[in-house]
Amino acid sequence: MADPPGCCPTCATCLLCPYSCQWITPKKKKRKGLRTTKCDCSWFFFLFCVFLFTLVWLYFAVIILNDLHNFNEFIFKQSKLWLNWSQVLLIATSVLITYSSALLVLALCLQLCGQPLKLHWVHKILLILTVLVVAAAFTGLGIKWAEEWKSARISLQATGPFLHIGAVGGMTLLAWPLASFIYRSHSTGLRVFLLLVYCAAMIALYLAPLAITSPCMMEENQLPPKPALVGHRGAPMLAPENTLMSLQKAMECEVQVFETDVRVSADGVPFLMHDEDLTRTTNVQAVFPNRTAENSTAFNWTELQQLDAGSWFLKRKPFTTVESLSDADRNETKRQKIPSLEQALEGVKQGNISIMFDLRPENHSDYENFVNVTLGVILQSGIPLQQVLWLPDGFRELVKQQAPGVQHVYGRKRLVNEKEPLLHVNLPYQDMSSEEIREYRQDNVSVNLYVVNQPWLFSVLWCSGVSSVTTNACQVLKEMERPIWLLPSSTYLMIWIVVDCVSFLIILWAFFLLK
């Protein structure tokens, strides 16, 4: 490469020091040998790829925040160690993306100033480590949490138009250092190759909207009604899950359904509890230190009532919202006990909302007795049966005979030769496409999807026409009066054309200006 006029020595030193650990001296002879070689170009290309790789991981990290509480529970089940992994994930990802982007900016500035791209060996090692860390994160995601790939695909319906604009903007800005490099390089083959790659990338980006689809590309008058909210174990961001306080907070959030999990104690009392054991959500280690590994159904009701089901919420802080609890709420939290199904039904009846629950564990040898005991409590409570949404698949026919008014919710899609039509389905949000949601809606099938916590996801499902969503963040989704964005297709077409035209003109200007 030829020696260009470059920038002042002070500016060059400020750029070279962190990138190459080199100093610029007034004597030009001391700069001999400081030219950008093919090896240096290869490392710059590697740096650019690392930046893109970490950028993609940053996108995934933001997307999986919707489901990270499930991951926290999974880790606790394996290690009995509670940690808010969302903070660890965001901090680690921020460090990686900040490091790679800072190096890339330095390299681009050095190129514009006509300085050599001599990446220091320490940076080379750190970049390789960055690739290994991110690759390990993607591998772990694919092995242990494969459904998040579906989440990423759904997220593109919310972010696709904006990612396109951002990508076009970023590649347009890249025209300046690229033009500078092409005009200064003596290698014709390299210049042609880079120009062809850049042109191909820009053409692909200009045409990308042809493949971008989103249910939120519609007119305002086509927007379906806002989905009803189902409180996942109540309002677990505002109160300990599966407690009467959590039920009360959920009703304050105007949820229409209280979703919970029911187990039956050793002496036949149905109670609310999600986990198999009591370690995560009670102080069983302090009260019954020799029985912490036992199944919660091995305890009788008297023993269960000795446990504190609230203090863990203040200690472990499963959500950041715990920090903002008032003193009154904190005191109320400390008084929480494991509620019985009878108590929950009474609260639901007073609040005039519905209750939906799983009866666990379904593989228990005495499961039929669990069903009978649970039905007995429901019938004795006096709650209108249409307010009870029955999720368990086991012994459905028995339930239909003893409590014909109960609404049955199925955790599967419709079959081709369905004996009787499904009226309610309850599925993970990853398992239903926007087209299927619309089809079920047209056939008057109520679709509830879980667990939906982030506004972007709620917006996509709202535009798709879903009936209801199960959420941990009822206090957030309650405040949403419309989807995050709603854009008519004609408006997006105009934005697409304008962005592409402006980008093309800026790229031409950059090449002509630097020439």
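Residues numbered from 1 in each chain as written. Predicted model: local features only at pLDDT ≥ 70, side-chain atom pairs only at ≥ 80, totals over all residues. Heavy atoms only, no water.

It is not clear to me how the overall build of the protein should be interpreted in this structure. Could you clarify?
Across its full length, the protein carries 20 helices and 9 strands. C-alpha atoms of the protein, sized along the principal axes, occupy 95 × 55 × 40 Å. Counting across all 515 residues of the protein, residues that qualify as buried make up 50%. By sequence separation, contacts in the protein at least 24 residues apart represent 69% of the contacts at least 6 residues apart. Within the structure as shown, the protein displays about 25000 Å² of accessible surface, and the carbon and sulfur contribution to it stands at 62%. Between the averaged position of the 43 positive side-chain charges in the protein and that of its 42 negative side-chain charges there is a distance of 18 Å. (Helix = DSSP H or I, 4+ residues; strand = E, 2+ residues; numbered from the N terminus. Buried < 20%, exposed > 50% of the residue type's maximum accessible area, 1.4 Å probe, protein only. Contact = heavy atoms within 4.5 Å. Areas by Shrake-Rupley, 256 points an atom, 1.4 Å probe, with all protein chains shown as cover. Lys, Arg positive; Asp, Glu negative; His and termini not counted. Charge placed at Lys NZ, Arg CZ, Asp CG, Glu CD.)

What exactly am I supposed to notice about the pattern of salt bridges here?
It is possible for side chains of opposite charge to pair when their charged atoms get near one another. A complete count under the given rule lists 24 salt bridges for this structure. The residue Lys80 makes a salt bridge to Asp277 at a minimum N-O spacing of 3.1 Å. Of this pair, Lys80 sits in the loop between helix H3 (68–79) and helix H4 (85–112) while Asp277 sits in the loop between strand S3 (270–272) and helix H10 (284–287), and the two are 197 residues apart along the sequence. On the basis of relative accessible area, Lys80 is assigned to the partly exposed category, the value being 42%. (Salt bridge = Lys/Arg side-chain N within 4 Å of Asp/Glu carboxyl O.)

Looking at this structure, how should I read the domain arrangement of the protein?
When the parts of a complex come together, some accessible area is lost, and that lost area is often used as the size of the interface. Taken domain by domain, the protein comprises domain 1 (9–26 + 36–214 + 493–513) and domain 2 (228–478). Inter-centroid distance (C-alpha atoms) of domain 1 to domain 2 is 42 Å. Contact with domain 1, which involves 19 residues of that partner, is made by 23 residues of domain 2. In this assembly, domain 1 packs against domain 2 so that about 1900 Å² is buried in total across both faces, 55% of it on carbon and sulfur atoms. Area buried by domain 1 at its contact with domain 2 is led by Asn66, Trp82 and Ile154, which between them contribute 32% of it. Here domain 1 is connected to domain 2 by 4 salt bridges. Here Lys150 ties to Asp431 by a salt bridge, and the two come within 3.7 Å at their closest N and O atoms. Inspection of the region where domain 1 meets domain 2 yields 10 residue pairs in polar contact (both at pLDDT 80 or more). Elements supplying a minimum of two residues to the side of domain 1 that touches domain 2: H3 and helix H6 (147–173). If you tally residues by element for the side of domain 1 that touches domain 2, the top one is H6, at 8 residues. Of the residues belonging to the side of domain 1 that touches domain 2, the class tally is 6 nonpolar, 7 polar and 6 charged. (Domains from an automatic or database assignment. Buried area = accessible area lost by both parts, 1.4 Å probe. Polar contact = N/O pair within 3.5 Å; in protein donor to acceptor, adjacent residues only side chain to side chain. Nonpolar A, V, L, I, M, F, W, Y, C, P; charged D, E, K, R; others polar.)

Please clarify how the packing of helix H7 (residues 175–184) against helix H8 (residues 188–207) should be interpreted in this entry.
Axis angle and axis distance: for two packed helices, these are the angle between their axes and the distance between the axes, and together they describe the pair. Packing of H7 against H8 leaves a shortest axis separation of 10 Å and a crossing angle of 160°. Of the possible angle classes, the one that applies to H7 and H8 is roughly antiparallel. In this structure, H7 crosses over H8, and the sense of that crossing is left-handed. Across the interface between the two elements, Ala175, Leu178, Phe181 and Ile182 of H7 pack against Leu190, Arg191, Leu194, Leu195 and Tyr198 of H8. Along the lines of polarity and charge, the residues of the contact of H7 with H8 split into 8 nonpolar, no polar and 1 charged. (Axes fitted to C-alpha atoms, helices over the stretch in contact; angles between N-to-C directions. Parallel < 35°, antiparallel > 145°, perpendicular 65-115°, else oblique. Left-handed = near helix turned anticlockwise from the far one by under 90°.)

How should the nonpolar core be read in this particular structure?
The tendency in soluble globular proteins is for nonpolar side chains to be buried as a group. Ranked by size, the top nonpolar core spans 60 residues in total, and within it Ile378, Leu449 and Leu461 carry the most contacts. The residue makeup of this core includes at least three contributed by each of domain 1 (9–26 + 36–214 + 493–513) and domain 2 (228–478). Ignoring anything within four residues of it in the chain, the contact list for Leu449 reads Leu427, Pro428, Tyr429, Met432, Ile437, Leu461, Val466, Ser468, Val469 and Thr470. With 33 residues, the next largest nonpolar core counts Leu47, Tyr206, Ala510 and Phe511 among its residues. (Core = buried A, V, L, I, M, F, W, Y, C linked by side-chain atoms within 4.5 Å.)

It is not clear to me how the confidence of the model for the protein should be interpreted in this structure. Could you clarify?
Low-confidence regions, as indicated by low pLDDT, have predicted coordinates that should not be scrutinised in detail. Overall, the prediction assigns the protein a mean pLDDT of 91, with 95% of residues at 70 or greater. Predicted confidence is poor over residues 1–5, with pLDDT under 50, and the contacts of this stretch with residues over four places away or in other chains come to 13 contacts. Long-range and interchain partners of residues 26–33, a stretch whose pLDDT sits below 50, account for 7 contacts in this model, where long-range means more than four residues apart. (pLDDT = per-residue confidence, 0-100.)

What should I look at first to understand helix H2 (residues 38–63) in this one?
Since one α-helical turn is 3.6 residues long, residues separated by three or four positions face the same way. The end-to-end C-alpha distance of H2 is 38 Å, a good match for the 38 Å that 26 residues give at a rise of 1.5 Å each. Along H2, the residues classified as buried are Asp40, Leu47, Val50, Phe51, Thr54, Trp57, Tyr59, Phe60, Ala61 and Ile63. (Expected span 1.5 Å × (residues − 1).)

Honestly, the packing of aromatic side chains in this entry has me stumped. Any pointers?
Counted according to the given criterion, the structure contains 17 aromatic pairs. For the pair Phe60 and Phe138, a centre-to-centre distance of 5.3 Å together with 85° between the ring planes defines the contact as edge-to-face. Residue Phe60 is located in helix H2, and its partner Phe138 is located in helix H5 (residues 121–144); the two are separated by 78 residues in the primary sequence. Like Phe60, the residue Phe138 is buried in the burial classification. (Phe/Tyr/Trp six-rings, centres within 6.5 Å; stacked < 30°, edge-to-face > 60°.)

Even after reading the chapter, I still don't get the UniProt feature "transmembrane region" (unreviewed entry) in the protein, so can you show me in this structure?
In the numbering used here, UniProt assigns the "transmembrane region" (unreviewed entry) feature to residues 41–65, 85–113, 125–143, 163–183, 190–212 and 492–514. Structurally, residues 85–113 comprises 97% helix and 0% strand, and the distance from its first C-alpha atom to its last is 42 Å. Secondary structure content for residues 163–183 is 95% helix and 0% strand, and the end C-alpha separation is 30 Å. (UniProt positions renumbered as here; feature names shortened; annotations may be inferred.)

How should I be thinking about the pairing of strand S9 (residues 468–471) in this particular structure?
Each regular strand shows side chains that alternate between the opposite faces of the sheet. Along S9, one buried face is formed by Ser468 and Thr470 and the opposite face, lined by Val469 and Thr471, is buried too. In this sheet, S9 lies alongside strand S1 (residues 228–232) in parallel orientation, the contact comprising 4 bridges. By the bridge assignment, Ala228 is partnered in S9 with Ser468. Relative to S9, strand S8 (residues 446–450) runs parallel, the two being bridged by 2 bridges. Pairing of Leu449 across the sheet is with Val469, part of S9. The parallel pair S8 and S9, bridged by helix H18 (residues 455–464), forms a crossover whose chirality is right-handed. (Pairing = 2+ DSSP bridges. Right-handed = clockwise from strand over helix to strand, strands pointing away.)

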